[in-house]
Amino acid sequence: DAECNVHMGVYADECARKYGISRELQDEYTKRSYENATSARINGVLQKQIVSVKENEDIDEQVSRLNEEKMKKLRPVFVSNGTI
């Protein structure tokens, strides 16, 4: 936030704490989001929205890179005892 000089991630952590959104729930949401994106890619749902930057590069490769075990071990970034 430019006005208060506080990173938006700090506010996200405060919201998670206020509304009881646990790290586990955040990880489940992330996993489901990756699964939905993978399904959309496989079924061509987003194909018209992906523009190749390099020759023969017409898929979003990031979607297939989810490492659930690594994700669960990520440390908080914005607040030392946070969940974001």
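Below you will find a few notes about this structure. (Residues numbered from 1 in each chain as written. Predicted model: local features only at pLDDT ≥ 70, side-chain atom pairs only at ≥ 80, totals over all residues. Heavy atoms only, no water.)

Counting its regular elements, the protein chain contains 3 helices and 0 strands. Going from N to C terminus, the protein chain has its helices and strands arranged as α-α-α. Of the contacts formed within the protein chain by residues at least 6 apart in sequence, a portion of 62% connects residues at least 24 apart. Accessible area of the protein chain: about 7100 Å², with a carbon and sulfur share of 51%. (Helix = DSSP H or I, 4+ residues; strand = E, 2+ residues; numbered from the N terminus. Contact = heavy atoms within 4.5 Å. Areas by Shrake-Rupley, 256 points an atom, 1.4 Å probe, with all protein chains shown as cover.)

As a further point, take the side chain of Asp13. Inspection of the secondary structure assignment puts Asp13 in helix H1 (residues 8-18). Look at Asp13: it is buried, it has no salt bridge, and the nearest opposite charge is Arg17 at 4.3 Å. In this view, Asp13 contacts Val79, Gly82, Thr83 and Ile84; residues no more than four positions away in its chain are not counted. (Buried < 20%, exposed > 50% of the residue type's maximum accessible area, 1.4 Å probe, protein only. Lys, Arg positive; Asp, Glu negative; His and termini not counted. Salt bridge = Lys/Arg side-chain N within 4 Å of Asp/Glu carboxyl O.)

So, on to helix H2 (residues 23-42). Under the 1.5 Å per step criterion, the end-to-end length of H2 is 28 Å for 20 residues, consistent within 8% with the ideal 28 Å. The set of residues buried in H2 consists of Arg23, Gln26, Asp27 and Ala40. Seen from one end, H2 has its buried residues packed into an arc of 150°, which puts them on one side. For H2, exposure combined with an orientation more than 90 degrees from the buried face picks out Glu24 and Ile42. On its buried face, H2 is in contact with H1 and helix H3 (68-72). Positioned one or two residues after H2, Gly44 has a phi angle of 70°, which is positive. (Expected span 1.5 Å × (residues − 1). Arc of directions from axis to C-beta.)

This brings us to the pattern of salt bridges. What the rule picks out here adds up to 4 salt bridges. Linking Lys31 and Glu68 is a salt bridge whose minimum nitrogen-to-oxygen distance equals 3.6 Å. In this pair, Lys31 is assigned in helix H2 and Glu68 in helix H3, connecting sequence segments 37 residues apart. Owing to a relative accessible area of 29%, Lys31 belongs among the partly exposed residues under this scheme. Between Lys72 and Glu68 there is a salt bridge, and its shortest N-O distance comes to 3.7 Å. Taken as a pair, Lys72 and Glu68 lie in helix H3 at a separation of 4 residues, close to a single helical turn. Residue Lys72 is classed as partly exposed on the basis of its relative accessible area of 46%. Counted as one network, the salt bridges with shared partners bring together Lys31, Glu35, Glu68 and Lys72.

Everything listed is a geometric property; what it means functionally is a separate question.
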